[in-house]
Every structure is written in structure tokens, then in C-alpha cells.
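# Residue-level structural notes
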Amino acid sequence: MAPTTTTDVNKLVATLINSNNVMIFSKSFCPFCTKVKDLFTSLKIAYKSIEIDKLGNGKEIQDKLADMTGQRTVPNVFIGGKHVGGADDTFAAHTENRLMSMVSPPTDKYDFDLVVIGGGSGGLAASKEAASFGKKVAVCDFVKPSPIGTSWGLGGTCVNVGCIPKKLMHQTAILGQSIKDARPYGWEFSEEVTHNWATLVAGVQDHIGSLNWGYRVALRDKSVKYQNAYAEFVDAHTVKCINRRGKETTLTSDKFIIATGMRPRYPNIPGAKEFSITSDDLFSLAHCPGKTLCVGASYVSLECAGFLAGVGLNVTVMVRSILLRGFDQDIAERIGTHMEKHSVRFIRKTVPTRIERIKEGSPPTLRVFYNEGGSEKYIEVNTVLMAIGRDACTSGIGLEKVGVKLNEKNGQVFATNEQTNIPNVYAIGDILEGKPELTPVAINAGILLARRMFAGSNTQCDYVNVPTTVFTPLEYGCCGLAEEDAIKLYGENNIEVYHTKYMPLEYTVAKRDAADCYAKLICNKADQERVVGLHILGPNAGEVTQGYAVAMKCGATKQHFDSTIGIHPTVSELFTTLTVTKRSGEDVEAQGC
Ligand code: FAD
Ligand code: NDP
């Protein structure tokens, strides 16, 4: 490469720029040139570079570039034949998420680069992130009404019929308890305190309405096309979308993300769909549910039972087998004990066999039959809340036409790093097989997937040590392994469990029952007592657990916990002072200070 004439140099520069998607004119000793090349390498973007200081005609090339671009310095970067600039310009394009779309501009082979099916936690996060890289993105979201006709707006389960209304109703119950606690603290109020369900529902729904609106605005601001329509695959690059008036449109896309979430399951017993409700209906129920039977014994059932009892309703939980399957069973039983002491009744080891309506009304009177001790019994309630699990929304969306592999037992999608067996079809959130069904998980997976799809990232979603909290009256926060799982994984002798009961300071003056406040750390002795499980049962457990999840992500050991100075007086500080091991059998009765 040693053209001598000006024409030769002009031709050479033009050929390099036009025949290489990314062309970097560089100098071998220039640190900024190295940085820019490293950036493209880290983003897995192929580039061509020439070191002009090593060429006999380097000065002529530099002169030509200065003529063309007004820039004499290197690196001098061109993408797709267009001048980008130097190192600062290239890094700015990267930081502002413009670089990837310059490298691979949208093609017009399909209507969209990405269509996301489902506008819930995962789908909204993924679509907004993808659009921020200059991609053409659409989201289809459609809510099929529940059997009793409840429907809602954009945002999916969490916002409309999950985390948000649930936590607000949990807060309602906490406030009720605080009113009781207030008198010993000197508050005097004479009037009888009552709770108004309709006011609560109005307040909660008002907040949800503002969130629905906020999501629509956010999609518009990010130029994501929102289709309030039910999407169904026609082939691997096409979906048909049907809106609520039955109007059909077709969208084609290079890639798809399925983020359709789950909906409550009903048992196959007479009266279930006619007379019971689910969490899809509870948070907007126009009338107070009255005496309630919650069927099921996991997150949804226990949380709803907790706040309904907290607003003063008569509540029973029907348990098929154990409480909170998959969670630390020692803690699960403590939750049950606490709820039982605080007015929630449990009917164990049985399931409903049929439901009859005895009296119409709002609420009606229902009779729920079940078997116990070999004989048929019944309980009369006003509301039956079915919380027996959730079915993945993966049927009726044409996945069979595309060939996406599902777990036949539960309908969840098999995927590796969120990619299904069909190369351009991805899945995130609750519908993923074997992953935690939680909002922040869906959001994180969606954002990271969009970055891998369109921004050259290779960061995967880390599904290990995901913290969670069950918002029962006494909250249960945990991160990592349940004690029984830690024993199974590491062997009983390799596990040290540090534990304590405790008395939250706030409970003292109010004379609250702290008998069930409990915390434990599970450590792997074979690995410097690395903390592999953290569990806390008590007030604000969600807030306590979040920070410790960061510590566990950093690989914290018991020694790290011990050498951390606590914040006094808090509940959370107890994790910095745990000394009693379960193995020792020593007393862990609540200590005050
Ligand atoms: P979703 O949020 O369910 O969104 C899916 C969307 O896709 C829905 O809007 C659906 O209508 C739509 N859709 C389905 N099929 C189609 C189609 N063919 N075309 C168009 N649109 C379609 N998680 C927590 O982290 N913390 C909590 O405290 C918590 N509390 C919860 C309480 C309850 C009562 C429930 C039920 C769940 C709770 N969760 C909680 C779980 C959390 O809500 C879910 O993990 C999260 O919403 C999953 O997000 P997603 O994006 O996978 O699906
Ligand atoms: P789960 O699948 O976790 O639990 C279902 C419960 O219903 C179990 O107790 C199960 O009992 C019982 N059950 C199943 N079938 C029957 C039946 N035919 N009759 C009676 N009981 C039955 O479902 P959830 O709906 O509670 O929760 C779904 C997901 O939502 C959770 O995994 C969680 O990730 C998420 N969520 C998160 C929350 C949070 O973060 N705070 C709150 C609420 C939900 P058995 O043990 O015998 O199978």
C-alpha cells in the first residue's frame, strides 16, 4: 500500500471508508486510538484500522482526511461511510446509545427490529431499553378479563393486580396495627376506629391509574409503538394483533420477546369459577370481601390473608400440604404460628371440593365443602379467594406455529439466557421455566437481554441469590438458600446456622408480641463461613434484606458481617452481632437493650 499520487491517496481513503463498515484511521502510539479500538472490540464490532504513522504516505492520508472532515487528529472514525469524529465523538455516541444503530442501522425488511408481546414488568423494561439504542420497537399488551370480568390497564401484573396494590393493602394493615400501638405511646382518641374498604380501593386504584398513564407516556417518550391488542404468532417473524373491537393488524419483526406473564389458576371443582375470586379481582373489589376463605398456602394466599385480617375481617386459610413451599420451612411455620395467634384460622391438609352460593349479595354467602378426617365438612364465608398458583400465558399465542419449546407440565418456556429454541424468539419474566417469578427479575432480565441484542453487551441476568420478601403481617425477607436446601447441598456438618429471636424496640412500649421475630444466617463452613442464606422474620424485613443481598452478591462471609458496625437501635443491626449457633442449642430468647 504505497500509492504516491494524490489521486491514488484519494482513491485509497475512499475505498477504505466505503468498503469497511467501521473504519478507524489510527496511529500506533496513540492511546486514544487504542481506547477506541478497545471499545469496538468489547462491543464485538468488527472494524478495519490502519496505522498511518507506519505508512510511507501517512502524511498524505492525514492531509486528505483533514480536507474531507476538518479533523487532522487521530483516531478518525467512519461508520457506514459516514464520518463520526475522534475518540470523544465515538465515546459520546456509545454513551448516548447511538453507536450500535450507526453500526447496524435498522433494515426495512421487517416493520420492527423488536416486537415485545406483553406490557408488564419485563416487557416494558425490555422495550424501552431496546428503543434507547435507536431500534424500532413495538409492545403489544392486552388484558383478558377475569372470569368475573375484572380488567385493567398497561403495566402487567405487578402494577395492577400484584406487588403494588398488595403492598398498599399490607400498609393498610400495618397502619391498623399502628393505631393500636399508639395508645401506650400516649395518643388519645376516643372514637371507635373502623375501616372503609371502598375508600381503600379508591385510593389504591387511583394510584394504579396514575401508573398506567405514566407507562403510556414513557413508551411514547421512548418512541416505542404501543398496541393495546392481543398478539398471536403467525410465523417466526409475524404476529397478528387483535384489539378489543376485534380489529386485526399484522406486525412483522426481526426479533420477538415473549413476556406474557401468568394468570391465576382455578381448581376443577363445581362452583370455582362462578363463585370465587382471585388476586386479579381482590384489589378492585367494589364491596368489602367480608368473611374470607383463602385457598392455597403460598405468597399470594398468605399475604392476602394477612392484610384482610389486618383490616379486621374474619379470615381462614385452607392449606393443601405445607406453608410456603420452597421457602425455609422453619420460618414458614413461624409465619403460620404468628398468623394463627393473630386471628387467622388455618384448615390444614385439605382442599375445597365444591362451592355453593347460599345467598346472593355484595358480598354473597358461600358454602365451601371439603373433606376432613374422612367426613365432608363445610365452611360458610362471603368470599373465596383462590390462590392455588398461576398458569403461564403461553397457550393461544401461536407458539406451536413457531415451534417454541414449552414445559408441557406448566406451560413455561424453556430458554437459555432468555433465548428460546427459535433463534429470533426470546422469553423473559414469569413465563420462564425454573426462574424466580418476581418483578425485579423480569425487569433485570429484560434490560440485559435488550443490551445483548442491540448494544453488543454480553452481561447475563444472574438468577442466583435473588432476594425476596413475603409481605405477611410479620414480613419474611430472605436471600439465598433455605436451611434444608443448604444442608442438602453442602451436608449438615458443613453448615453453621447462627440465629436469634429478637425484640424490635418499637414493640416494647406498645407491648407487642415479639415471640415470632426471628433471624438466622446460614454459613458454609467449608468456604470461610460464606453466608449462603439470610432469613429474617419481623417488621420491615423487606427493607432489611435488600442491603444484605448486595453483601451476599459480593460474597460476604460471617466474618464480614461480624466486622461491620451496626446501626443502633435498628432491627437490621442484629445481623452484625449473631453469636449463637443452632448446633449449640443455646437459648435464643429475645433480648432487649
Ligand atoms: P406480567 O407483569 O404479568 O405482564 C404480562 C402482560 O402481558 C400482561 O399485561 C398480560 O395481560 C399481557 N399479555 C399476555 N398475553 C398477551 C398477548 N398474547 N398479547 C398481548 N398481551 C398479552 N413480585 C415481586 O417482586 N414482589 C411482590 O411483592 C410481588 N407481589 C405479587 C403479588 C401478587 C398478588 C401477584 C399475583 C404477583 C406478585 N409478584 C410480586 C409477582 C410479579 O407481579 C410478577 O413476577 C411480574 O409481574 C412478572 O412480570 P412479567 O413481565 O413476566 O409479566
Ligand atoms: P404458588 O405456586 O407459589 O403456590 C400455590 C399454593 O397453592 C401452594 O400453597 C399450593 O400447595 C397450593 N395449591 C396448589 N394447588 C392447589 C389445589 N388444587 N387446592 C388447594 N391448594 C392448592 O403460587 P402463588 O400464586 O402464591 O404465587 C405465584 C408466584 O407469584 C410466586 O412464585 C411468587 O414468585 C410470585 N409472588 C411474589 C410475591 C412477593 O414477592 N411478595 C407475592 C405474591 C406472589 P402445595 O404446596 O401443596 O403445592
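Thresholds, definitions, all that
Residues numbered from 1 in each chain as written. Chains lettered and ligands numbered in written order. Predicted model: local features only at pLDDT ≥ 70, side-chain atom pairs only at ≥ 80, totals over all residues. Heavy atoms only, no water. Pairing = 2+ DSSP bridges. Helix = DSSP H or I, 4+ residues; strand = E, 2+ residues; numbered from the N terminus. Near = heavy atom within 4 Å. Polar contact = N/O pair within 3.5 Å; in protein donor to acceptor, adjacent residues only side chain to side chain. Areas by Shrake-Rupley, 256 points an atom, 1.4 Å probe, with all protein chains shown as cover. Nonpolar A, V, L, I, M, F, W, Y, C, P; charged D, E, K, R; others polar. Domains from an automatic or database assignment. Patch = residues over 30% accessible without salt bridge, like charges linked within 9 Å, V, L, I, M, F, W, Y side chains within 5 Å. Salt bridge = Lys/Arg side-chain N within 4 Å of Asp/Glu carboxyl O. Axes fitted to C-alpha atoms, helices over the stretch in contact; angles between N-to-C directions. Contact = heavy atoms within 4.5 Å.

Moving on to the pairing of strand β9 (residues 238–243). Pairing between strand β8 (residues 229–235) and β9: six bridges, direction antiparallel. Across the sheet, residue Ala231 finds its bridge partner in β9, namely Cys241. Where β8 folds back onto β9 in an antiparallel hairpin, the turn is made up of two residues. Judged from the five bridges that link them, β9 and strand β10 (residues 248–258) form a sheet pairing that is antiparallel. Pairing of Thr238 across the sheet is with Thr252, part of β10. The turn joining β9 and β10, which pair antiparallel and follow one another in sequence, is formed by four residues; a positive phi near 85 degrees is taken by Gly246.

Once that is clear, we can look at the site of ligand 2. What surrounds ligand 2 is a group of 21 residues, the closest being Glu303, Ser321, Arg325, Glu437 and Thr469. The contact in question runs from an oxygen atom of ligand 2 to an N or O atom on the side chain of Arg325, over 2.8 Å. Burial of ligand 2 by the protein amounts to 79% of the accessible area it has alone, namely 930 Å². The dominant element in the shell around ligand 2, judged by the number of residues it contributes, is helix α12 (residues 299–310), at three residues. Its residues placed into classes, the shell around ligand 2 shows nine nonpolar, six polar and six charged. Per-domain counts for the shell around ligand 2 show at least three residues from each of domain 2 (112–264 + 391–454) and domain 3 (272–388).

On the surface, Tyr185, Trp187 and Val509 cluster together into a nonpolar patch covering about 350 Å² of accessible area. Tracing the chain through its elements places Val509 in helix α17 (residues 505–510).

A few words on the environment of Thr6. Tracing the sequence through the fold places Thr6 in helix α1 (residues 6–19). For the pair Thr6 and Val544, spaced 538 residues apart in the sequence, the C-alpha separation amounts to 70 Å.

With that settled, consider the sheet that holds strand β13 (residues 315–319). Strand pairs in the sheet, formed through backbone hydrogen bonds, run parallel or antiparallel to each other. An order of β14-β13-β12-β18 is seen for the four strands of this open sheet, with the pairing classed as parallel. Where the open sheet ends on each side, the last strands, each with one partner, are β14 (344–348) and β18 (383–386). Averaged over all adjacent pairs, the angle separating strand axes in this sheet is 20 degrees, with direction ignored. Lying over the sheet, α12 contacts β12 (292–295), β13, β14 and β18, oriented at roughly 165 degrees with respect to β13.

This brings us to the site of ligand 1. Not every one of the 35 residues close to ligand 1 is listed here, only the nearest: Asp141, Phe142, Thr157, Lys166 and Asp430. One nitrogen or oxygen atom from the main chain of Gly122 is found 2.9 Å from an oxygen atom belonging to ligand 1. Here an oxygen atom of ligand 1 sits 3.0 Å away from a polar atom, N or O, in the main chain of Thr439. Within the complex, 93% of the 1000 Å² of free accessible area of ligand 1 lies under protein. Elements represented by at least two residues in the shell around ligand 1 include exactly α6 (121–131), α7 (156–161), α8 (163–182), β8 and α15 (439–454). Here the element with the most residues in the shell around ligand 1 is α7; it accounts for four residues. Its residues assigned to classes, the shell around ligand 1 comprises 17 nonpolar, 13 polar and five charged.

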